[in-house]
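Structural characterization, general
So you can see what is in the structure, the chains are spelled out below.
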Amino acid sequence: MRGEGMLFDPRAVAALARRIRAAASALGRRVVLMEVCGTHTHAIAAAGLRRLLPPQVRLVSGPGCPVCVTPVDYLDRAEALAALPGTIVCTFGDLMRVPSSRGSLERSRAAGAGVRVVYSPRDALDVARAEPASRVVFLSVGFETTAPTIAAALAESEDSGIPNFRILPGNKTVPPPLRALASDPGVLLDGVLLPGHVSVVTGSRAFSFLAEELGVPAAVVGFTPADVLRGVLELVEQLRDGRAEVANLYGRVVREEGNPRARTVLDRFFEPADAVWRGLGAIGSSGLALRPEWAHRDASRIEVAVPEPVEPSGCRCGDVLRGSIEPPECSLFASACTPDTPVGACMVSGEGTCAAWYRHERRTAKERP
Ligand code: SF4
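Please read these numbers as outputs of a predicted model, since none were measured by experiment.

Basis of the calculations
Residues numbered from 1 in each chain as written. Predicted model: local features only at pLDDT ≥ 70, side-chain atom pairs only at ≥ 80, totals over all residues. Heavy atoms only, no water. Disulfide = S-S within 2.5 Å. Buried < 20%, exposed > 50% of the residue type's maximum accessible area, 1.4 Å probe, protein only. Helix = DSSP H or I, 4+ residues; strand = E, 2+ residues; numbered from the N terminus. Pairing = 2+ DSSP bridges. Axes fitted to C-alpha atoms, helices over the stretch in contact; angles between N-to-C directions. Contact = heavy atoms within 4.5 Å. Phe/Tyr/Trp six-rings, centres within 6.5 Å; stacked < 30°, edge-to-face > 60°. Lys NZ or Arg CZ within 6 Å of the ring centre and 35° of its normal. Near = heavy atom within 4 Å. Nonpolar A, V, L, I, M, F, W, Y, C, P; charged D, E, K, R; others polar. Parallel < 35°, antiparallel > 145°, perpendicular 65-115°, else oblique. Left-handed = near helix turned anticlockwise from the far one by under 90°. Domains from an automatic or database assignment. Buried area = accessible area lost by both parts, 1.4 Å probe. Salt bridge = Lys/Arg side-chain N within 4 Å of Asp/Glu carboxyl O. Polar contact = N/O pair within 3.5 Å; in protein donor to acceptor, adjacent residues only side chain to side chain.

**Here we look at the state of the cysteines**
One pass over the structure, following the stated rule, counts two disulfides. Paired by a disulfide, Cys65 and Cys68 hold their sulfur atoms 2.4 Å apart. Residues Cys65 and Cys68 share a disulfide whose torsion about the S-S bond is about 70°; that sign makes it right-handed. Here Cys68 falls in the buried class, since its relative accessible area comes to 1%. With its sulfur 2.4 Å from that of its partner, Cys317 forms a disulfide with Cys346. Of this pair, Cys317 sits in helix α14 (residues 317-321) while Cys346 is found in the loop between α14 and α15 (353-360), placing the two residues 29 residues apart along the sequence. Taking relative accessible area as the criterion, Cys346 reaches 0% and is therefore assigned buried. With its disulfide-bonded cysteines labelled consecutively along the sequence, the protein chain is connected as 1-2, 3-4.

So this is what it looks like as structure tokens:
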């Protein structure tokens, strides 16, 4: 899907930008629109869409990068598990360089800990199958899009009798933090671009509370630059007209009810649980915990000493994830903190807001008065 985000139709983009400018001129105030999807973050930065928007429309990134919102103590626990004899921690590559309290998974691996990069939960299951004497722990991080594949790996571990496969639960769900942000009087938020991938699983109806309860316009959008601008236009027009609806502009793949099959496999293994988000704190029912009957698959139950979490000094990832600041407003951006020397999670992941700004929007930021 990342490739779809790169499709650029200059005529469509220019026409949409004109329509947004016309609609925004009737707003009478400046509005803040938030996207909550790492792929949108990347597509917006790569295509330079912010430069096309009028001054009345500010487009910010929210907590849409799963690696970025994973708290430090999760990484600390993963490193502690990897240090246990006979234990192999399997993870997506994005987590490897995220700073923990004392280092990172990459540094733990260099020091001899059992850490392996995998491309899917299924790969981790294969490691467990191939090395039955080892305890294999998959770092289960991601939103509603990733969680069904993890549930499928758990189902296979049960069906195939692979007892040495466990996960460290860290999955999160998108609607609860949006409710928290949209309800927070300290957060400027006038409209939301909803994540297409997540909405495929949840359905657009899962976000109806934004419009119906909180009066915040929202739009489910795809990943081309024109898709994103169509969403911006929809939100600006709703705000101009005093409306609040959840528009599904990605109807070619997103249905109102979502994907019931994916949710069924999810529900077999997971249940909602409170979870801590980097920058947002604890949010009720925003995480996915393993159901008690799968305790034998739950690596969070393994007793291990975990240090007190230490946040990276000077990092303002939390403010970035709330849309309160843009990355260049962090004093470490592009100086002490770069993709080669990341201080915080938002600079590590390819979906991170700071990394996207560093790669694509640094000149734009410097050019601003
Ligand atoms: S630029 Fe680096 S230090 Fe600053 S908020 Fe982003 S990740 Fe954190």
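**A short note on the sheet that holds strand β2 (residues 57-61)**
The strand order β2-β1-β7-β8-β9 describes an open sheet built from five strands, whose pairing is parallel. Of all strands in the sheet, those with a lone pairing partner are β2 and β9 (246-248), marking the two edges. Sheet twist, expressed as the mean angle between neighbouring strand axes with direction ignored, is 20°. Looking at chain direction, strand β8 (residues 218-221) and β9 are connected through three bridges and run parallel. The residue of β9 that forms the bridge with Ala218 is Val246. Contacting β1 (31-35), β2, β7 (191-195), β8 and β9, helix α12 (residues 225-241) runs over the sheet at an angle of about 165° to β8.

**Some thoughts on the packing of aromatic side chains**
Inspection of every chain in the model, using the stated rule, returns five aromatic pairs. Taking the centre distance of 5.4 Å and the plane angle of 85° together, the rings of Phe92 and Phe138 count as edge-to-face. Highlighted residues: Phe92 in the loop between β3 (87-91) and α6 (105-110) and Phe138 in strand β5 (residues 135-140), separated in sequence by 46 residues. Taking the relative accessible area as the measure of exposure, Phe92 reaches 23% and is therefore partly exposed. For Phe138, a relative accessible area of 0% translates into the label buried. The aromatic ring of Trp277 is capped on one face by Lys172, whose charged end is 5.9 Å from the ring centroid.

**Description of the site of the ligand**
Around the ligand, the surrounding shell consists of Cys315, Arg316, Cys317, Cys330, Leu332, Phe333, Cys337, Val343, Gly344, Cys346, Met347 and Cys354. Among the residues forming the shell around the ligand, the class breakdown is ten nonpolar, one polar and one charged.

**Digging into the packing of helix α2 (residues 10-24) against α12**
At a minimum axis distance of 9 Å, the contact between α2 and α12 shows a crossing angle of 15°. Considering their axes alone, α2 and α12 lie roughly parallel with respect to each other. Our pair here, α2 against α12, has a crossing hand that is left-handed. Residues Ala12, Val13, Leu16, Arg19, Ile20, Ala23 and Ala24 of α2 form the contact with α12, whose own contacting residues are Pro225, Ala226, Leu229, Arg230, Val232, Leu233, Val236, Glu237 and Arg240. Of the residues in the contact of α2 with α12, the class split is twelve nonpolar, no polar and four charged.

**Digging into the domain arrangement of the protein chain**
When cut into domains, the protein chain gives domain 1 (2-64 + 174-248), domain 2 (68-173 + 258-301) and domain 3 (315-367). When each unit is reduced to the centre of its C-alpha atoms, the spacing between domain 1 and domain 3 is 21 Å. Taken together, the 19 residues of domain 1 in the interface contact 17 residues of domain 3. The junction of domain 1 with domain 3 conceals about 1400 Å² of combined surface from both sides, 47% of it contributed by carbon and sulfur atoms. Among the residues domain 1 hides against domain 3, the three largest losses belong to Ala45, Arg50 and Arg58. Together they make up 28% of the total. Between Arg50 and Glu361 there is a salt bridge; the shortest N-O distance is 2.4 Å. The tally of links between domain 1 and domain 3 comes to two residue pairs in polar contact (both at pLDDT 80 or more). Secondary-structure elements contributing two or more residues to the side of domain 1 that touches domain 3 are α3 (38-47) and β2. Considering each element in turn, the side of domain 1 that touches domain 3 owes the most residues, six residues, to α3. Tallied by class, the residues present in the side of domain 1 that touches domain 3 amount to seven nonpolar, seven polar and five charged.

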